[in-house]
Amino acid sequence: MKNLKMIIPAALVAVFAILFPLFSGPYPQSIARTVMTYMALAVSWDMLIRSGQLSFGIAGFFGIGSYFSALLCLKLGIPALPSILIGGVLVGLVAFGMGFIVLRLRGMYFAITTLAAAEIFKIIIRNWNDVTGGPEGLVLKDVIFGGNSYGMYFLTLALAIGAIAASMYFERSKFHLALTSIRNNEIVARTSGINIFMYLVVVFGITSGIQGLAGGVYAQMYGFVTPDSSFSSDYTLLPLAMSLLGGMYGTWGPVVGALLLGIVSEYLKLYIPYGHLIVYGLIIVFVILVMPAGITGLIKSRFSREAK
């Protein structure tokens, strides 16, 4: 019965998402693509935070994913879709190798290191003129699907569904117990036979790979990449705010947060284009102080009280 209650709403949302392009115009579809891209980033960030590791490197992996995809197209002539997939895999491998160094750190030391790594990626891209085009970036020969709005919508929908599916697998596999144990008490986890370092490196690689895929989708949809646009702090702050608003340590919290804050963010960018990041920060502070469990946590606690 519990599974049925979860399956029915999820199925209704899936049907709505699939039919949405049929009764909407290009602009609503553009907003939906942006929301689903951020949704994938928020879900992937939440998958890592379940281990207790706070990462500020989302924009870094998003950015190098976008550049990998663009370079594979321009330098090697690889088609758009394969370049997105290969770029995501390459980002995952970069994060996997990076994890062997940075995942020996914990807490704010790890968070600051990931933030620094994102800035290092950006600096390298900005100054490697011969390959990356420097500050001016790269322009692709064409956008994916020839700019067809329906094709790009379903591409971002596939990205969001893929991230959600990976997160749900984590929740139902041994990863869930291992990551929860690591977050709660690493000493207990280690004495229980959990290979902490191995789990953290694998999860870091997978979540970073998802962020790289999102970057590749971005590059192919817009047809260009630049250091400032691809490594924008929006790709770090907004997914964090979405996950906190919706509720951390689960799949549906980031999804709910992405739907609400993603739509709001589009209007904030229109009316306060240079101050919307302040609003994201205020949302994070408000949620931490007033609603630490997020919207989904608040709903769960209310239903549990009513059940008693």
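A brief look at the structure comes next. Please read all numbers here as calculations on a predicted model, not as lab measurements. Residue numbers restart at each chain and count upward from 1, following the sequence in its written direction. Local features in this predicted model are restricted to residues of pLDDT 70 or higher, and side-chain atom pairs are both shown and tallied only at a pLDDT of 80 or more, whereas totals for entire chains, interfaces and linings draw on every residue. Only hydrogens and water are removed before side-chain values are computed, so all heavy atoms of the structure are retained for them.

Next up on the list: the overall build of the chain. Per the secondary structure count, the chain includes 15 helices and two strands. Here the C-alpha atoms of the chain give a radius of gyration of 19 Å, agreeing with the 19 Å that 2.2 N^0.38 yields for 308 residues. Taking the principal axes of the C-alpha coordinates as reference, the chain spans close to 60 × 50 × 35 Å. Per-residue burial for the chain yields a buried fraction of 50% across its 308 residues. Sequence-distant contacts, at least 24 apart, represent 79% of the contacts inside the chain between residues at least 6 apart. Using the Shrake-Rupley algorithm and a 1.4 Å probe, accessible areas are obtained, with residue cover drawn only from the displayed protein chains. A total accessible area of about 15200 Å² is found for the chain, and carbon and sulfur atoms account for 72% of it. Of the side chains in the chain, 19 bear a positive and 11 a negative charge, and the two mean positions are spaced by 13 Å. Strands here mean DSSP runs of E at least two residues long; helices mean DSSP runs of H or I at least four residues long; both are numbered from the N terminus. In this treatment the radius of gyration is a C-alpha quantity, and the globule benchmark scales as 2.2 Å times the residue count to the 0.38 power. Buried residues are those whose accessible area, probed at 1.4 Å on protein chains only, stays under 20% of the maximum for their type, while exposed residues exceed 50% and partly exposed ones sit between those limits. Any pair of residues with heavy atoms lying within 4.5 Å of one another is described as a contacting pair. Note that His is not counted, nor are the chain ends; the positive residues are Lys and Arg, and the negative ones are Asp and Glu. Where a charge lies is defined by one atom per residue type: Lys uses NZ, Arg uses CZ, Asp uses CG and Glu uses CD.

Among buried residues, those of type Ala, Val, Leu, Ile, Met, Phe, Trp, Tyr and Cys that are joined through side-chain atoms within 4.5 Å constitute a nonpolar core. If you look at the biggest cluster of nonpolar residues, it comprises 83 residues, and the most contacted ones within it are M39, F61 and F204. With 14 residues, the single largest contributor to this core is helix α2 (residues 26-49). Ignoring anything within four residues of it in the chain, the contact list for F61 reads V91, A95, M98, F121, F204, S208, Q211 and G212.

Throughout, the protein atoms alone are placed on a 1 Å grid, and a set of points is a cavity if a 1.4 Å probe fits but cannot get out or a pocket if it is open with protein on both sides within 12 Å along at least five of seven lines; lining residues have an atom within 4 Å of a point. Grid points are joined across faces, edges and corners, and a volume is the space filled by probe spheres set on the points. A full pass over the atoms with the stated rule returns one cavity of 30 Å³ or more. In this structure, the largest cavity occupies an estimated 30 Å³ of space. Lining the largest cavity are W45, L48, S55, I58, F204, T207, S208 and Q211. At the level of elements, α2 and α10 (196-222) are the ones that each hand at least two residues to the lining of the largest cavity. Top contributing element to the lining of the largest cavity by residue count: α10, with four residues. Note that Gly is not counted as nonpolar here; it falls among the polar residues with everything else outside the nonpolar set of Ala, Val, Leu, Ile, Met, Phe, Trp, Tyr, Cys and Pro and the charged set of Asp, Glu, Lys and Arg. Here the lining of the largest cavity is built from residues that sort into four nonpolar, four polar and no charged.

Fitted lines through C-alpha atoms serve as axes, helices being fitted only where they are in contact, and the angles separating the N-to-C directions of these axes extend from 0 to 180 degrees. Axis separation between helix α8 (residues 174-184) and α10 bottoms out at 11 Å; the angle between their running directions is 115°. As summarised for this structure, α8 and α10 are arranged roughly perpendicular, according to the angle between their axes. Pair α8 / α10 crosses with left-handed handedness. Judged by residue contacts, K174, F175, A178, L179 and I182 of α8 engage I196, Y199, L200, V202 and V203 from α10. Each residue belonging to the contact of α8 with α10 can be placed in one class, and the counts come to nine nonpolar, no polar and one charged. Here is the rule for angles: anything less than 35 degrees is roughly parallel, anything more than 145 is roughly antiparallel, 65 through 115 is roughly perpendicular, and the remaining ranges are oblique. Note: crossing handedness is left-handed where the near helix turns anticlockwise from the far helix by less than a right angle, and right-handed where it turns clockwise.

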